[in-house]
Amino acid sequence: DVKVTQSSRYLVKRTGEKVFLECVQDMDHENMFWYRQDPGLGLRLIYFSYDVKMKEKGDIPEGYSVSREKKERFSLILESASTNQTSMYLCASSPSFTSGPDSYNEQFFGPGTRLTVL
Amino acid sequence: GDSVTQMEGPVTLSEEAFLTINCTYTATGYPSLFWYVQYPGEGLQLLLKATKADDKGSNKGFEATYRKETTSFHLEKGSVQVSDSAVYFCAFRFSGGYNKLIFGAGTRLAVHP
């Protein structure tokens, strides 16, 4: 069974702290994504990575950075957490186009990390 | 720009009622379209998809038809169950590549016995 895991389900941090959110997938997928989910706004893409050490900005990258040192792991970093970064963070992965057009389309999601910044 | 507009929730139904959740999109070209579902306390999972005009995606009794002329992909189910209570997201695959998805705001469905 395919699996995307995230390091914490719930996290509480203080303003100004550096925060690391970890995501691991066991499907050997090339693509990995970080979203934030807020009520009424749906999912918004923060960053994505299409290969080890490669990254691209999504729609809302400000205040975030990412790291992909190994294929299975994609980390989201909040350099200096702020209260407006309180949110649900979702990680996802998907195969690359070379795996076939059907598999290319589906993203597999982790259970999410609910982050509260006080 | 590219966007997805879906019906605002919450939608509250009795068991066995008919469900429609509207979804329309604005995009260049002909994107692939998706419905994802998020059950309480879980991440999103793919419910169904359609990759070209007039395709009908179906799964677990849910259906949606890709209507190019109205740029719509409405989700329907003939008889909902309490276990269908969840948040439903419409999405399309970004035309620029790398399998980026554009999501709607989500519609919460609550089904009562």
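Overview of the structure. For clarity, every value in this text was computed on a predicted model and none was experimentally measured.

Some thoughts on the packing of aromatic side chains
Both the distance between ring centres and the angle between the ring planes are used here to describe each pair of aromatic rings. The tally for this structure, following the rule as stated, stands at 13 aromatic pairs over all chains. Ring geometry for F109 of chain A and Y36 of chain B: centres 5.6 Å apart, planes at 75 degrees, overall edge-to-face. Separated into two different chains, F109 of chain A in strand β10 (residues 108–109) and Y36 of chain B in strand β5 (residues 33–38) make up a pair that spans both. Take Y36 of chain B: its relative accessible area is 0%, and that puts it in the buried class. Following the ring pairs from residue to residue traces out a cluster consisting of F33, Y35, F48 and F109 of chain A together with F34, Y36, F89 and F103 of chain B.

Focus: the interface of chain B and chain A
Chain B puts 21 residues into the contact, and the matching count from chain A is 22 residues. Both sides of the chain B and chain A interface together cover about 1800 Å² of buried area, and 53% of this is carbon and sulfur. For the pair chain B and chain A, the interface holds zero salt bridges. Taken together, the connections running from chain B to chain A amount to four residue pairs in polar contact (both at pLDDT 80 or more). Those elements that provide at least two residues to the side of chain B that touches chain A are β5, β6 (44–50), β10 (86–93) and β11 (101–103) of chain B. Residue classes in the side of chain B that touches chain A are distributed as nine nonpolar, eight polar and four charged.

Some words on the pattern of salt bridges
All names here are of chain A. Under the counting rule described, the total for this entry stands at 10 salt bridges over all chains. One salt bridge in this structure joins K53 and E69, with 2.5 Å as the shortest N-O distance. Pair noted here: K53 is in the loop between β5 (42–51) and β6 (54–57) and E69 is in strand β7 (residues 64–70), with a separation of 16 residues, a long-range link. Considered together, K53 and E69 belong to a single accessibility category, that of exposed residues. A network of salt bridges, in which partner residues are shared, links D28, E30 and K71.

The rules behind these values
- Residues numbered from 1 in each chain as written.
- Chains lettered and ligands numbered in written order.
- Predicted model: local features only at pLDDT ≥ 70, side-chain atom pairs only at ≥ 80, totals over all residues.
- Heavy atoms only, no water.
- Phe/Tyr/Trp six-rings, centres within 6.5 Å; stacked < 30°, edge-to-face > 60°.
- Helix = DSSP H or I, 4+ residues; strand = E, 2+ residues; numbered from the N terminus.
- Buried < 20%, exposed > 50% of the residue type's maximum accessible area, 1.4 Å probe, protein only.
- Contact = heavy atoms within 4.5 Å.
- Buried area = accessible area lost by both parts, 1.4 Å probe.
- Salt bridge = Lys/Arg side-chain N within 4 Å of Asp/Glu carboxyl O.
- Polar contact = N/O pair within 3.5 Å; in protein donor to acceptor, adjacent residues only side chain to side chain.
- Nonpolar A, V, L, I, M, F, W, Y, C, P; charged D, E, K, R; others polar.

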